[in-house]
Amino acid sequence: DRERAKEANVNVFDEKDLDYYEKLTAHIGPAAKYQFFADMLPGKSVPGLAIRVPCVRTRIGAFNCYTFPISPEYLLKISYVSHRSKGKASDVHTYQRMLAKARLNKIKQYLNEAGVFPTNIVVNLDKKRLDFQRIKQEHQKGEQEESGILGWLDIRPTYKSAWIIDGQHRLFAYSGHPRAKTSHLSVLAFEGLPASKQAQLFIDINAKQK
């Protein structure tokens, strides 16, 4: 039956899948549907989600990365979190712990008190979904470029095109919140970071940043 469903391009949910999405919906509310879309429609272009943002491109290690502001409402639509509770414990793609509801509620309360987050949400963006256009710089080409290049970043996303490496609680606290559309988050986006590097970066941030 599973083979026939696969050949017919039919997604089959089992009890484990249903349990995961029920728990996720209970934790984060409306934004859970975008995680569902990500699993149902991976790689499918969604023209209505295309966006252009001003950004600074630089390099961290061997990878390009971009820093830009964006609304939580938009980032929730294209984001995806790999949770260990959904996949196998040994799966490098499922390195994050399930969201803690108590922590989400505390952050929501902070937002209700007009709190802001000046720290970056760290994500990985699919390389083929990005188009960076450099703009005229104050300095000559080749000078001081190690400090960053100004430009416009076009994101042609699909659901599941921004993988959250760090900041899932800060982001998902905006799910269903009235400030999701008007607030801005600072994003540090890596370009085409392999899953193993994403997992290692998640571990490094959470274990070594102190």
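All of these numbers come straight from a predicted model, not from anything done at the bench. (Residues numbered from 1 in each chain as written. Predicted model: local features only at pLDDT ≥ 70, side-chain atom pairs only at ≥ 80, totals over all residues. Heavy atoms only, no water.)

A. Geometry of the overall build of the protein. From N to C terminus, the protein includes seven helices and eight strands. When each of the 210 residues of the protein is scored for burial, the buried share is 43%. Within the protein, contacts between residues at least 6 apart in sequence are counted, and of these 77% link residues at least 24 apart. Carbon and sulfur atoms form 53% of the exposed surface of the protein, whose accessible area is close to 12,100 Å². (Helix = DSSP H or I, 4+ residues; strand = E, 2+ residues; numbered from the N terminus. Buried < 20%, exposed > 50% of the residue type's maximum accessible area, 1.4 Å probe, protein only. Contact = heavy atoms within 4.5 Å. Areas by Shrake-Rupley, 256 points an atom, 1.4 Å probe, with all protein chains shown as cover.)

B. How the structure looks around the pairing of strand E1 (residues 51-60). One ladder, built from seven bridges, connects E1 with strand E6 (residues 149-155); its direction is antiparallel. Across the sheet, arginine 57 pairs through a bridge with isoleucine 149, a residue of E6. Bridge count for E1 against strand E2 (residues 63-70) is five bridges, and the pairing is antiparallel. Residue pairing in the sheet places threonine 58 in a bridge with cysteine 65 of E2. Counting the residues in the hairpin turn of E1 and E2 gives two residues, including glycine 61, whose phi is positive at 65°. (Pairing = 2+ DSSP bridges.)

C. A look at the pairing of strand E8 (residues 185-191). Among the seven residues that make up E8, six are buried, leaving the element largely enclosed by the rest of the structure. As judged from the six bridges shared by E2 and E8, these two strands associate in the antiparallel manner. What sits directly across from tyrosine 66, in E8, is alanine 189. One ladder, built from five bridges, connects strand E4 (residues 121-125) with E8; its direction is parallel. Bridging from a neighbouring strand, asparagine 124 pairs with phenylalanine 190 of E8.

D. Broad picture of helix H2 (residues 15-28). Here H2 spans 20 Å end to end across 14 residues, near enough to the 20 Å set by a 1.5 Å rise per residue. Regarding H2, the residues found buried are Asp17, Tyr20, Tyr21, Leu24 and Ile28. Here the buried residues of H2 occupy an arc of 90° about the axis, which is enough to place them on one side. Buried positions along H2 lie against helix H3 (32-40), helix H5 (101-112) and helix H6 (168-172). One side-chain oxygen at the N-terminal end of H2 lies 3.1 Å from the backbone nitrogen of lysine 16; it belongs to aspartate 14. Positioned one or two residues after H2, glycine 29 has a phi angle of 75°, which is positive. (Expected span 1.5 Å × (residues − 1). Arc of directions from axis to C-beta. Polar contact = N/O pair within 3.5 Å; in protein donor to acceptor, adjacent residues only side chain to side chain.)

E. Quick look at the sheet that holds E6. What the eight strands build is an open sheet, ordered E3-E7-E4-E8-E2-E1-E6-E5; its pairing is mixed. On the outer flanks of this sheet lie strand E3 (79-80) and strand E5 (130-134), each paired with one strand and no other.

F. Local environment of H5. Between its terminal C-alpha atoms H5 stretches 16 Å, which fits the 16 Å expected from 12 residues at 1.5 Å a residue. All of the buried residues in H5 are Leu104, Ile107 and Leu111. Along H5, the residues classed as buried sweep out an arc of 65° about the axis, all on the same side. Away from the buried face of H5 by more than 90 degrees, exposed residues Ala102, Lys106 and Asn112 are located.

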